[in-house]
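Close look at the chain arrangement
Chain by chain, the residues run as shown.
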Amino acid sequence: MKTGLRVLHVDDNPADLGLAREALVESARHTEIASVEDGMEAMAYLDRRGKYVNAIRPDLVILDLSLPKQDGHAVLTAIKAQPELRRIPVVIFSSSQLGKDIERCYDLGANCYVGKPGNLKDFFSAVKSIEEFWCGFVSLPRQGE
Amino acid sequence: MSSAGTKLGTQDSAVPQTKLRALLVEDNALDAALVVRALFKDGFDVAADVVQDEAAFTRMLRSHPPEIVLADYNLPTWKGMEVLKVLRSEGLDIPMILVSGALGDVTAVECIKQGATDYVLKDGLARLPEVVRRALREKHERGLRLQAERDLAKKAEELARSNADLEQFAYVASHDLQEPLRMVAAYTQLLGERFRGKLGEDGDKFIGYASEGAQRMQVLIQDLLAFSRVGRKESAGGSVDCNLVMKEVLRTLESAIQESHAVVTQGDLPEVWADRTQMAQVFQNLIGNAIKFRGKEPPVISVQAEKNGQDWRFSVSDNGIGIPPESAENIFVVFQRLNARSEYPGNGIGLAICKKIIERYGGRIWVESKGGSGSIFKFTLPLPPLEATDGKQA
């Protein structure tokens with residue numbers, strides 16, 4: 001069986017984490033989603049610290065902006081500052097449509113910015129499109145050890 | 001007479017008196033006494049200090065601020081009119097009356113022009129009490145008026161602040177409501193999809209209602225946010241060519257125009273002082289409404305503008321279903337709808353937004369019935385300030 005790509009989804013709202021999983025239930029790509037609910041957890045996961053010592057580096061990070069402890073901007077900055085993490089594409093997935101949030105994310109090196117749609121169908125299609133594009137269409141760097 | 005001033009008083013009087021603290025600028029002790037007596041005879045209990053130079057005058061002003069200053073015009077070392085300069089530089093609003101020997105009419109008028117309240121000749125001191133009374137009354141009224149103006153300014157400021165607070169509240173509330181509502185909407189939809197047909201007929205229906213309600217509320221909140229954004233937009237305004245705005249709007253509405261076979265005509269439109277995006281919102285709402293609320297005939301819409309006094313007066317007329325006169329006011333209120341949602345979709349936010357925008361730039365908007373069918377929406381916008389049309393600075 002083909003193993004899919006690994007996605008780390010960072011969002012403080014379990015309902016959104018759940019919706020994203022639901023969106024990919026029927027996907028044939030077997031994408032594996034790991035979820036964490038705050039910025040510190042996200043960095044621990046990516047740096048493989050603490051309980052994430054055995055975590056495998058994800059191929060893609062889906063990142064919300066409003067996170068407790070360490071917000072999305074800080075997580076994005078940290079990822080893009082580390083040579084061993086900076087190649088991982090980061091998709092910002094946020095309900096903010098403020099120009100300044102969007103611009104700041106691109107300034108900090110976000111790979112794309114997707115607004116969270118309010119409607120289920122649109123939400124599903126956003127998540128599926130992210131998967132389709134980043135896990136199917138683009139060529140990603142190989143995760144080297 | 002010392003330069004520190006001399007005290008004159010009438011406290012020994014037995015007659016009930018109006019207390020009055022006066023500062024006399026006078027070098028002649030006898031004249032000073034006559035002045036005090038003239039006031040005393042007319043019912044003033046005068047406590048008077050007498051000075052004759054600037055230093056003493058200033059000192060006395062600060063230590064014993066008087067209610068009135070009575071100054072001789074000609075002093076050996078000082079000019080009576082200099083008193084006014086000192087009063088001004090001390091920031092004091094104390095009436096000053098010249099009490100003088102012969103004073104030509106021209107001089108007298110000049111003194112009053114410079115700020116003296118009035119003048120009284122020394123051989124006509126009988127007139128002094130009335131002059132003093134009037135000066136005090138006027139000062140009192142001036143004070144009241146000033147206080148009223150200050151109160152009014154304070155009220156206006158409070159109102160503006162409370163409006164800003166309310167707007168901020170509406171914005172934050174609707175913004176923060178969006179997130180949880182998004183969850184409700186998404187999960188009721190998911191529930192509906194996953195469990196369709198498994199919860200019985202009622203189950204599907206109930207979930208459908210909940211899901212529709214949540215989605216409608218999402219639209220309402222988005223509309224509220226759009227409405228509150230009108231006032232939040234940080235745009236001082238600029239010169240906006242309405243012809244260009246109309247071109248944009250017609251492009252946006254192109255498919256609606258084609259579908260409804262609408263005919264939109266327009267006259268030459270002026271430049272106005274406003275925000276370009278917001279003007280586009282106004283025209284788009286009005287023309288969009290004219291198309292949406294059409295009658296059986298294809299819509300015929302005309303957009304015109306004419307100068308009317310200090311304003312441009314715009315009109316957008318149509319041949320649609322019209323608006324009953326009794327509803328002419330209501331339609332500009334947020335979320336007011338005249339027609340069934342099923343017949344004409346929408347939340348009734350468009351005209352409220354138009355009104356907010358037009359009023360933001362100093363105009364007015366209203367609707368006139370065309371009798372049989374159709375309506376004319378009219379709005380005004382002030383003629384742009386000169387620098388907007390002529391100055392167009394580089």
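For the structure itself, look to the data block above.
1. Topic: the overall build of chain B
Tallying secondary structure elements over chain B gives 11 helices and 13 strands in all. Taking all 394 residues of chain B together, the buried fraction comes to 39%. Put simply, 71% of the contacts in chain B that link residues at least 6 apart link residues at least 24 apart. Put simply, chain B shows about 21,900 Å² of open surface, and 54% of that area lies on carbon and sulfur atoms.

2. Remarks on the sheet that holds strand 13 (residues 375–382) of chain B
Residues and elements named next belong to chain B. Taken in spatial order, the 5 strands of this open sheet run 8-10-11-13-12, and their pairing is mixed. Since the sheet does not close on itself, it has two edges, and those belong to strand 8 (263–266) and strand 12 (365–369), each with one partner. Mean inter-strand twist for the sheet, computed between neighbouring axes without regard to direction, equals 20 degrees. Alignment of strand 10 (residues 300–308) against strand 11 (residues 311–317), held across 7 bridges, turns out to be antiparallel. Looking across to strand 11, one finds that A305 is bridged to F314. Across the sheet, helix 7 (residues 242–252) is in contact with strand 8, strand 10 and strand 11; its angle to strand 8 comes to roughly 170 degrees. Along the sheet face, helix 10 (residues 350–360) touches strand 12 and strand 13 and points at about 25 degrees away from the line of strand 13.

3. Digging into the layout of surface pockets
The computed volume of the largest pocket comes to approximately 890 Å³. Along its surface, the largest pocket is lined by 34 residues, and A:S95, A:S96, A:Q97, B:H175 and B:Q178 are the ones closest to its centre. Split by residue class, the lining of the largest pocket holds 8 nonpolar, 12 polar and 14 charged. Roughly 760 Å³ of internal volume is contained in the second largest pocket. Along the walls of the second largest pocket sit 37 residues, with B:N285, B:N289, B:K292, B:F293 and B:P345 positioned nearest its centre. For the lining of the second largest pocket, the elements supplying multiple residues, two or more each, are helix 6 (200–232), helix 8 (254–260), helix 9 (276–292), helix 10 and strand 13 of chain B. If one sorts the elements of the lining of the second largest pocket by residue count, helix 9 of chain B sits on top with 8 residues. Partitioned by chemical class, the residues of the lining of the second largest pocket number 16 nonpolar, 15 polar and 6 charged.

4. Details of helix 1 (residues 29–41) of chain B
Residues and elements named next belong to chain B. Its 13 residues place the ends of helix 1 18 Å apart at the C-alpha level, agreeing with the 18 Å of an ideal helix rising 1.5 Å per residue. The set of residues buried in helix 1 consists of D31, A32, V35, V36, A38 and L39. Down the axis of helix 1, the buried set is contained in an arc of 155 degrees. They therefore lie on one face. Exposed side of helix 1, more than 90 degrees from the buried face: L30 and K41 are the residues found there. A positive phi of about 100 degrees marks G43, the residue just after helix 1.

5. Comments concerning the pairing of strand 3 (residues 60–63) of chain A
Residue and element names in this part refer to chain A. Going residue by residue along strand 3, you find L60 and I62 tucked away on one face and V61 and L63 tucked away on the opposite face as well. Two elements, strand 1 (residues 6–10) and strand 3, share 4 bridges in a ladder whose sense is parallel. In the sheet register, L8 faces strand 3, and the bridge partner there is V61. Pairing of strand 3 with strand 4 (residues 90–94), which is carried by 3 bridges, proceeds in the parallel orientation. The partner of V61 across the bridge, within strand 4, is V90. The handedness of the strand 3 to strand 4 crossover, carried by helix 3 (residues 72–81), is right-handed.

6. Structural notes on helix 3 of chain A
Because an α-helix completes one turn every 3.6 residues, residues spaced three or four positions apart along the sequence face the same direction. Residue and element names in this part refer to chain A. Among the 10 residues that make up helix 3, 7 are buried, leaving the element largely enclosed by the rest of the structure. Within helix 3, burial applies to G72, H73, V75, L76, A78, I79 and K80. Close packing links the buried residues of helix 3 with helix 2 (39–47), strand 3, strand 4 and helix 4 (99–107).

About the cut-offs
Residues numbered from 1 in each chain as written. Chains lettered and ligands numbered in written order. Predicted model: local features only at pLDDT ≥ 70, side-chain atom pairs only at ≥ 80, totals over all residues. Heavy atoms only, no water. Helix = DSSP H or I, 4+ residues; strand = E, 2+ residues; numbered from the N terminus. Buried < 20%, exposed > 50% of the residue type's maximum accessible area, 1.4 Å probe, protein only. Contact = heavy atoms within 4.5 Å. Areas by Shrake-Rupley, 256 points an atom, 1.4 Å probe, with all protein chains shown as cover. Pairing = 2+ DSSP bridges. Axes fitted to C-alpha atoms, helices over the stretch in contact; angles between N-to-C directions. 1 Å grid on protein atoms, 1.4 Å probe; cavity = no way out; pocket = protein on both sides within 12 Å on 5 of 7 lines; lining within 4 Å. Points joined across faces, edges and corners; volume = space filled by probe spheres on them. Nonpolar A, V, L, I, M, F, W, Y, C, P; charged D, E, K, R; others polar. Expected span 1.5 Å × (residues − 1). Arc of directions from axis to C-beta. Right-handed = clockwise from strand over helix to strand, strands pointing away.

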